[in-house]
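So you can see what is in the structure, the chains are spelled out below.
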Amino acid sequence: MTPPVVVTIAGTDSSGGAGIAADLVTFAALGVHGACVVAAVTAQDTTGVRAIHPVPYDVVVAQLDAVLDDLDPVAVKTGMLATPEVVRLVAERCADRLLVVDPVLVATSGAVLATDDVREAYRADLLPVATVATPNEAEAAALGLIAGPGVVVTRGGPVPTTNDHGTGCTYSSALAAHLALGADVATAAERAAAYVSHQLTLGKHWTLGRGRGPVAHVHAPTQGENP
Ligand SMILES: Nc1ncnc2c1ncn2[C@@H]1O[C@H](COP(=O)(O)OP(=O)(O)OP(=O)(O)O)[C@@H](O)[C@H]1O
Ligand SMILES: Cc1ncc(COP(=O)(O)O)c(N)n1
C-alpha cells in the first residue's frame, strides 16, 4: 500500500543523531514516506554544535514548493528553522495540513539554535496555526506555552541513558508519522513516547562519540516490536 507522505522542514546534524537524519529514519521506521526541506546545515558532533549555516531563503522556498506541488504531504513536521522568514513561510504555506511544530530553540548540548527574532516569529505566526507543538520545558517557558490539546510539553523519561541526542526530534517525527497514519493527537503522542522509550532502551549501551550518543532510531527491532 502507498504510504502517506510526511515532510520535515529542519536542519541537518552531521553527527546523524538529531535534525533531518533523525526525522527521516523515524519516518521510515514507522512506515511513512519522508520528504525533506533543509533549512540549515549544522556542523555537530555528540558534544556540541561547531557551526550553523542557514540555507538561503530562496533555496528553502524552492525545496518546499517542490515537495508541496508534487508529493502532497499529509503532515508537516518542523525542527530547526533558523530564520524568522522561514518560520513565517511555513506558517503561510503549511497551515492547511497536519502540522507538528517542534520549536527547537536550544540543543540538548546547550547550543543556541534560534535567535530572539526566530522565537518571536514562532510565537506570533507559526504556533497559532500548528496542529500540535512539542516544546520541552525550557522552550515552553520561553514561548509562553502551557500543556493542552495542541501543546505537548516533552520531558525526559525513565530510561537510564546518555545516548539521547536527537530525542526531541525523534519524538516529534514519530508523533507526525502517527498523525499521518490516522491517529488522533493524544494517541499519536502516546505512541511517539512509547517509540522513543523503546529505541532509547535499545541504544543505551552504545558507545558512539565522546558526548551524548544518538538515539537508536531503528536498531534491530524484531517484527511487531515497534509500538
Ligand atoms: N530517558 C528517557 N526515557 C524514556 N523516554 C524518554 C526519555 N527521554 C526522552 N523521552 C521521551 O522523548 C520525549 C522528548 O524528550 P525530551 O523532552 O528530553 O527532548 P528534547 O531533546 O529536550 O526536545 P527538543 O528537541 O524540543 O529540544 C519525552 O517527552 C519522552 O516521551
Ligand atoms: C539540526 C538540529 N536540530 C535539532 C536539534 C535538537 O536536538 P535534540 O533533540 O537533541 O534537542 C539539534 N541538535 N540539531
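Residues numbered from 1 in each chain as written. Chains lettered and ligands numbered in written order. Predicted model: local features only at pLDDT ≥ 70, side-chain atom pairs only at ≥ 80, totals over all residues. Heavy atoms only, no water.

**Description of the environment of Thr108**
Using the following cut-off: Each helix is a run of DSSP H or I of at least 4 residues and each strand a run of E of at least 2, with the numbering of both proceeding from the N terminus. Between two residues, a contact is recorded if the distance between any of their heavy atoms is within 4.5 Å.
Inspection of the secondary structure puts Thr108 in the loop between strand 5 (98-101) and helix 4 (116-126). A C-alpha to C-alpha distance of 8.8 Å links Thr108 and Arg212, two positions 104 residues apart in sequence. Residues contacting Thr108, with those up to four places away along its chain left out, are Asp164 and Arg212.

**Brief notes about the site of ligand 1**
Under the convention used in this document: Consider each residue's heavy atoms; a residue with any of them within 4 Å of a molecule or strand counts as near. Throughout this description, a polar contact denotes any pair of N or O atoms lying within 3.5 Å of each other; where both atoms belong to protein, one of them has to be capable of donating a hydrogen while the other can accept it, and for residues adjacent in sequence the pair is counted only when both atoms sit in side chains. Note on areas: these come from Shrake-Rupley sampling with a 1.4 Å probe, and a residue is covered only by the protein chains present in the view.
Taken together, 20 residues form the shell around ligand 1, and within it Asp102, Asn136, Glu139, Thr154 and Val159 come nearest. A distance of 3.5 Å separates a nitrogen atom of ligand 1 from a polar atom in the backbone of Gly156. For ligand 1, a nitrogen atom lies 3.4 Å from a polar atom in the backbone of Gly157. Relative to its free-state accessible area of 640 Å², ligand 1 is covered by the protein chains to the extent of 86%. Put simply, the parts of the chain that give the shell around ligand 1 at least two residues each are helix 6 (167-180) and helix 7 (185-202).

**Quick word on the sheet that holds strand 1 (residues 5-13)**
Where we set the bar: For two strands to be treated as a pair, DSSP must find at least two bridges joining them. Every axis in this analysis is a line fitted to C-alpha atoms, fitted for helices over the stretch in contact. Angles between the N-to-C directions lie between 0 and 180 degrees.
As summarised here, the arrangement of the 6 strands in space is 3-2-1-4-5-6, forming an open sheet in which the pairing is mixed. The outermost strands of the open sheet, each flanked by one partner alone, are strand 3 (48-54) and strand 6 (132-133). Direction of pairing for strand 4 (residues 75-78) relative to strand 5: parallel, over a ladder of 4 bridges. Residue pairing in the sheet places Val76 in a bridge with Leu99 of strand 5. Helix 1 (residues 19-30) rests against strand 1, strand 2 (33-45) and strand 4 of the sheet, and its axis sits at about 150 degrees to strand 1. Running at roughly 160 degrees to strand 2, helix 2 (residues 57-71) makes contact with strand 1 and strand 2 of the sheet.

**Focus on the site of ligand 2**
Definition in use: The nonpolar class holds Ala, Val, Leu, Ile, Met, Phe, Trp, Tyr, Cys and Pro. Asp, Glu, Lys and Arg form the charged class, and all remaining residues, Gly among them, are polar.
Within the structure, ligand 2 sits among 15 residues, and Thr12, Gln44, Thr108, Gly166 and Gly168 are positioned closest to it. Gln44 places a side-chain nitrogen or oxygen 2.8 Å from a nitrogen atom of ligand 2. Between an oxygen atom of ligand 2 and a main-chain N or O atom of Gly168, the distance comes to 3.2 Å. When ligand 2 is considered free in solution it has 370 Å² of accessible area, and contact with the protein chains removes 95% of it. Considering each element in turn, the shell around ligand 2 owes the most residues, 3 residues, to helix 6. A breakdown of the residues in the shell around ligand 2 according to their chemical character gives 6 nonpolar, 9 polar and no charged.

**Quick word on the pairing of strand 2**
In plain terms, the rule: When the strands point away from the viewer and the connection leading from the first strand across the helix to the second strand turns clockwise, the crossover is called right-handed.
Alignment of strand 1 against strand 2, held across 9 bridges, turns out to be parallel. Following the sheet pairing, Thr12 is matched in strand 2 by Val41. Handedness of the crossover joining strand 1 and strand 2 through helix 1 is recorded here as right-handed. For strand 2 and strand 3, the ladder comprises 6 bridges, and the chain directions are antiparallel. The partner of Ala43 across the bridge, within strand 3, is Ala51. Counting the residues in the hairpin turn of strand 2 and strand 3 gives 2 residues.

**Some points on the side chain of His165**
Residue position: His165 is located in the loop between helix 5 (137-143) and helix 6. Within the structure, His165 has its side chain in polar contact with the side chain of Asp13 (distance 2.7 Å). Of note is the side chain of His165, whose polar atom sits 3.4 Å from the side chain of Ser15. Discounting chain neighbours no more than four positions away, the residues touching His165 are Asp13, Ser15, Gly17, Ala18, Gln44, Asp45, Arg212, Gly213, Pro214 and Val215.

No statement about biological role is implied by the geometric values presented.
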